[in-house]
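# Structure assessment
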Amino acid sequence: MYDPTQLRTFLAVAQTLSFTRAARRLGLRQSTVSQHVRRLEDATGRTLFTRDTHSVELTEDGEAMLGFARSILEAHERAASFFAGTRLRGRLRFGASEDFVLTELPEILKAFRREHPEVDLELTVELSGTLHRRLAEGRLDLVLAKRHPRDEEAAGTLVWRDELVWIGAESGGERLRVDPQEPVPLIVYPPPGITRARALEVLERHGRAWRIACTSGSLNGLVAAARAGLGVMAHTRSLIPPGLSRIRAGLPDLGGVDFVLRHGRTRPTAQESADALAAAILAGGDRLHRR
């Protein structure tokens with residue numbers, strides 16, 4: 001009833017919220033992406049997206065289709081793998097940024113290991129900048145990490161685009177207040193953290209004084225400091241941890257951020273496994289940031 005090609009296109013649009021970016025990710029023309037979505041909407045008899053010249057949003061039926069699309073595509077891939085008679089083997093070195101510690105990435109990896117038990121999956125959780133460097137050095141095969149939107153033409157497949165915001169503690173209904181007359185207390189990753197660099201760059205550009213209140217290479221460490229009210233941190237809007245909330249007053253806009261998949265240097269023993277894991281992450285990409 002539902003064409004897998006159209007479902008893959010639907011997921012790409014749902015995750016990037018852009019027909020243009022979905023077309024770039026899939027290697028298709030934008031008109032082809034629009035055609036796939038229109039045919040899927042015809043098949044369901046429902047409108048899956050509301051769109052105008054500036055934005056694309058999922059409808060309630062579109063949100064429901066996300067789960068169905070993933071399930072159909074996962075079943076399709078299992079069947080194709082079974083009847084192809086091929087089994088993936090070897091070591092796959094996968095790097096994921098700290099941002100995904102509190103998401104459903106472990107569930108995606110669990111499903112991948114269940115489908116490919118002979119793949120030796122080696123996971124590295126690090127800062128995005130560190131992961132990109134290790135990938136360039138040939139020490140990783142696949143990376144899921146941040147990329148700045150102005151580097152859009154750089155290598156990497158867009159998983160989704162988001163917004164960076166300031167977040168801080170919320171206690172008894174009260175949110176952390178930042179005194180405009182005092183340096184902004186920052187909770188940051190150490191270099192080469194992308195959110196750290198963005199926060200400092202934006203504050204410097206707006207002439208705002210700042211001080212480092214806490215540095216930690218662990219997301220859990222940063223969250224603990226933020227919950228204790230030590231300061232504010234730059235964080236992805238759709239991944240705000242429980243107990244923290246967006247802080248708006250008096251702080252400059254941090255701009256957008258892309259999350260991308262990047263493949264490393266080709267290793268014959270890892271290429272097929274990396275492709276399979278990348279496909280699983282792209283199929284379930286909305287699970288990484290939708291609650």
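Just so you know, these numbers come straight off a predicted model, no measurement behind them.

### Observations regarding the environment of Arg 248
With respect to the element layout, Arg 248 can be found in the loop between β11 (244–246) and β12 (256–263). The exposed category is assigned to Arg 248, whose relative accessible area is 58%. Distance from Arg 248 to Ala 197, taken between C-alpha atoms, is 19 Å for residues 51 residues apart in sequence.

### Re unusual backbone geometry
Cis geometry is found at the peptide bond from Pro 191 to Pro 192, where omega equals 10°. In the Ramachandran plot, Leu 17 falls in the positive-phi region, its phi being about 50° despite a non-glycine side chain. For Leu 17, the position within the fold is in the loop between α1 (4–16) and α2 (19–26). Taking the relative accessible area as the measure of exposure, Leu 17 reaches 29% and is therefore partly exposed.

### Description of the pattern of salt bridges
Evaluation of the coordinates by the stated rule reveals 16 salt bridges. Between Arg 89 and Glu 118 there is a salt bridge, and its shortest N-O distance comes to 2.6 Å. Taken together, the residues Arg 89 in the loop between α4 (60–84) and β3 (90–97) and Glu 118 in the loop between α5 (105–115) and β4 (119–126) connect sequence positions 29 residues apart. Judged by relative accessible area, Glu 118 falls into the partly exposed class, the value being 35%. In the salt-bridge network here, residues are joined through shared partners; they are Asp 162, Glu 163, Arg 237 and Arg 246.

### Examining the nonpolar core
Core analysis: the largest hydrophobic core is formed by 40 residues, its most contacted members being Phe 94, Leu 144, Trp 166 and Leu 277. Among the elements that line this core, the one with the most residues is helix α9 (residues 268–283), at five residues. Residues in contact with Trp 166, not counting those within four places in the same chain, are Leu 186, Ala 199, Leu 203, Val 232, Met 233, Ala 234, Ser 245, Arg 246, Ile 247, Leu 251, Pro 252 and Leu 254. Phe 19, Ala 23, Leu 48 and Met 65 belong to the second-largest nonpolar core, a separate cluster that totals 21 residues.

### Some details on α4
If you check α4, its first and last C-alpha atoms are 37 Å apart, about what 25 residues at 1.5 Å a residue would give, namely 36 Å. Bending of α4 peaks at approximately 25° at the position of Leu 66. Within α4 the residues assigned to the buried category are Gly 62, Met 65, Leu 66, Ala 69, Arg 70 and Leu 73.

Cut-off values and rules
Residues numbered from 1 in each chain as written. Predicted model: local features only at pLDDT ≥ 70, side-chain atom pairs only at ≥ 80, totals over all residues. Heavy atoms only, no water. Helix = DSSP H or I, 4+ residues; strand = E, 2+ residues; numbered from the N terminus. Buried < 20%, exposed > 50% of the residue type's maximum accessible area, 1.4 Å probe, protein only. Salt bridge = Lys/Arg side-chain N within 4 Å of Asp/Glu carboxyl O. Core = buried A, V, L, I, M, F, W, Y, C linked by side-chain atoms within 4.5 Å. Contact = heavy atoms within 4.5 Å. Expected span 1.5 Å × (residues − 1). Bend = angle between axes of the 7 residues up to and from the residue.

In short, the description is geometric, and any link to function would need to be established separately.
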